[in-house]
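Structural characterization, general
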Amino acid sequence: MRFPTNPLASRLGKALLALAIGIGVAAGVYAHGDMVPQAVDTKSLPQLGEKWLPENPYTPEAPAHKEALRIGSSAYNQNCARCHGLEAISGGISPDLRLFDKDCSSMADAGKKQACYKEMEEYFVATVRRGRVRDGRVYMPPFEGTLSQEAVWAIKSYIDTRRVP
Ligand code: HEC
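To keep things clear, this report deals only with the structure shown in the data block.

Reading the values: the criteria
- Residues numbered from 1 in each chain as written.
- Predicted model: local features only at pLDDT ≥ 70, side-chain atom pairs only at ≥ 80, totals over all residues.
- Core = buried A, V, L, I, M, F, W, Y, C linked by C-beta atoms within 7 Å.
- Buried ≥ 20, exposed ≤ 12 C-beta atoms within 10 Å, placed from the backbone.
- Helix = DSSP H or I, 4+ residues; strand = E, 2+ residues; numbered from the N terminus.
- Contact = placed C-beta atoms within 7 Å.
- Axes fitted to C-alpha atoms, helices over the stretch in contact; angles between N-to-C directions.
- Parallel < 35°, antiparallel > 145°, perpendicular 65-115°, else oblique.
- Nonpolar A, V, L, I, M, F, W, Y, C, P; charged D, E, K, R; others polar.
- Expected span 1.5 Å × (residues − 1).
- Arc of directions from axis to C-beta.

**So, the nonpolar core**
- Ranked by internal contacts, the top residues of the largest apolar core, which has 23 residues, are A75, A151, V152, A154, I155 and I159.
- If you list the elements that add at least two residues to this core, you get α2 (65–79), α5 (110–130) and α6 (149–160).
- In terms of residue count, the dominant contributor to this core is α6 (seven residues).
- Residues within four places of A151 in sequence aside, it is in contact with V40, T42 and A75.

Below is the structure:
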């Protein structure tokens, strides 16, 4: 087969090749999760100590809630948005975190709903600390040692504000 000699066709071919490489590189970044996790300054939040709490202390009723949201949204943008999307709106590559505890939100019984949210908070913290690695592939990097529990709960507080009904 002969390659096109038409300069326009060949230029178009090169442009398409460059585009394909660009997409490949972007996909590779997502697939390998080879990002540098960003430490987060949480000194302005009530400090929680070494032991991880079983549920979010920065609830909407807590005085620190507003500050947790400020820190959480910036920490989310620095560490999570590149995979989970800006403002937690996923582009489809990683789970949409606005829907993370959707099954709890629809529960009619208030007690059961709270228990469900709490269970999901433990699952959230465990996932963020360990990341997601399967068959040697890093789908999500572990954040243990990079993000303090103050930072992780602040991020969770922010994500809670992004819930969709
Ligand atoms: C390199 C991309 C990447 C980064 C960065 C990343 N994640 Fe993930 N995350 C994923 C992928 C992909 C999955 C789904 C993995 C799987 O299929 O097991 C996931 C899963 C999750 C889950 C579980 C969702 C569920 O419904 O089971 C939570 C919670 C989560 N990520 C939160 C975070 C938070 C918070 C951050 C930032 C601190 C973060 N992720 C950073 C890619 C990423």
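**Concerning the packing of α2 against α6**
- Between α2 and α6, whose axes approach to 7 Å, the crossing angle comes to 95°. Considering the angle they form, α2 stands roughly perpendicular to α6. From α2, H65, A68, L69, I71, G72, S73, A75 and Y76 reach across to α6, where they touch A151, W153, A154, I155, S157, Y158 and I159.
- Residue composition of the contact of α2 with α6, grouped by class: eleven nonpolar, four polar and no charged.

**Let's talk about unusual backbone geometry**
- You will see that E87, though not glycine, has its phi angle at about 55°, which is positive.
- One non-glycine residue, D135, lies in positive phi territory at about 50°.
- Mapping D135 onto the fold places it in the loop between β1 (132–134) and β2 (137–140).

**Some details on the environment of D103**
- Relative to the assigned elements, D103 resides in helix α4 (residues 102–105).
- With 13 residues separating them in the primary sequence, D103 and C116 have C-alpha atoms 8.3 Å apart.

**Overview of α5**
- With 21 residues, α5 extends 30 Å between its outermost C-alpha atoms, agreeing within 8% with the 30 Å of an ideal straight helix rising 1.5 Å per residue.
- Listed in full, the buried residues belonging to α5 are E121, F124, V125 and V128. Down the axis of α5, the buried set is contained in an arc of 90°. They therefore lie on one face. The exposed set on the far side of α5, more than 90 degrees from its buried face, consists of G111, K112, Y123 and A126.
- Residues of α5 that are buried sit in contact with α6.

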